[in-house]
Amino acid sequence: MKLTIAAIGRAGRGPERDLYEHYAGRIRWPLVLRELEEKRKLPPPQLMQREGELLLGAVPAGATLVALDRRGKVLDSEAFAARLGAWRDSSVSDLAFLIGGADGHTEPLLKKSALVLSFGAMTWPHLLARGMLAEQIYRAQQLLAGHPYHRA
């Protein structure tokens, strides 16, 4: 299973990038980070639409989509691992995680997603969300490999 994280905004050097790279380097599934930006100043609804187009254009055709959004489902680490394992075991070849811009995702993009995932009701910086996602993917990988989970 190949993983893509498509994210609005570009992360420069700093602790958020370091956190992402720390966990991304431990993930055994092929993983690609695609950072995207819309340079034009657009009204929020048009910007959200355009960002969705950029995100969808950056992922493999036919990929199973997971949109990160505050309105999504909150999963614990074991449930997230189980979901990844189910996709892996059902021969999903491409899994794409979509991290939107400051205004989030449009409803049509959310409806195209197999899972809308939330890291909780708090607001998280988009650059930090990449590191948090990479850590959870790494944790899922370890759980699926049978490593003991300290919360079990």
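### Structural notes on the pairing of strand β4 (residues 94-99)
So, step 1. Along β4, 6 of the 6 residues are buried, which leaves the element largely enclosed by surrounding structure.
So, step 2. Burial along β4 is two-sided: the residues Asp94, Ala96 and Leu98 and Leu95, Phe97 and Ile99 are all buried.
So, step 3. Two strands pair when backbone bridges link them, and strand β1 (residues 2-8) and β4 are joined in this way by 6 bridges, in the parallel orientation. Among the inter-strand pairings, alanine 7 is bridged to a residue of β4, identified as isoleucine 99.
So, step 4. As paired elements, strand β3 (residues 64-74) and β4 share 5 bridges and run parallel to each other. Bridge pairing in β4 links leucine 65 to alanine 96.
So, step 5. Each parallel crossover has a hand, and for β3 linked through helix α3 (residues 77-89) to β4 it is right-handed.

### A short note on the packing of helix α1 (residues 15-24) against helix α5 (residues 126-144)
So, step 1. Two numbers describe how α1 lies on α5: the axes approach to 8 Å, and their chain directions differ by 15°. Between α1 and α5, the angle is such that the two are roughly parallel. Handedness of the crossing formed by α1 with α5: left-handed. Residues Glu16, Leu19, Tyr20, Tyr23 and Ala24 of α1 touch α5, and the partners they reach there are Leu127, Leu128, Arg130, Gly131, Met132, Ala134, Glu135 and Tyr138.
So, step 2. In terms of residue class, the contact of α1 with α5 is built from 9 nonpolar, 1 polar and 3 charged.

Thresholds, definitions, all that
Residues numbered from 1 in each chain as written. Predicted model: local features only at pLDDT ≥ 70, side-chain atom pairs only at ≥ 80, totals over all residues. Heavy atoms only, no water. Buried < 20%, exposed > 50% of the residue type's maximum accessible area, 1.4 Å probe, protein only. Helix = DSSP H or I, 4+ residues; strand = E, 2+ residues; numbered from the N terminus. Pairing = 2+ DSSP bridges. Right-handed = clockwise from strand over helix to strand, strands pointing away. Axes fitted to C-alpha atoms, helices over the stretch in contact; angles between N-to-C directions. Parallel < 35°, antiparallel > 145°, perpendicular 65-115°, else oblique. Left-handed = near helix turned anticlockwise from the far one by under 90°. Contact = heavy atoms within 4.5 Å. Nonpolar A, V, L, I, M, F, W, Y, C, P; charged D, E, K, R; others polar.

Shape is all these values report; function is a separate question.
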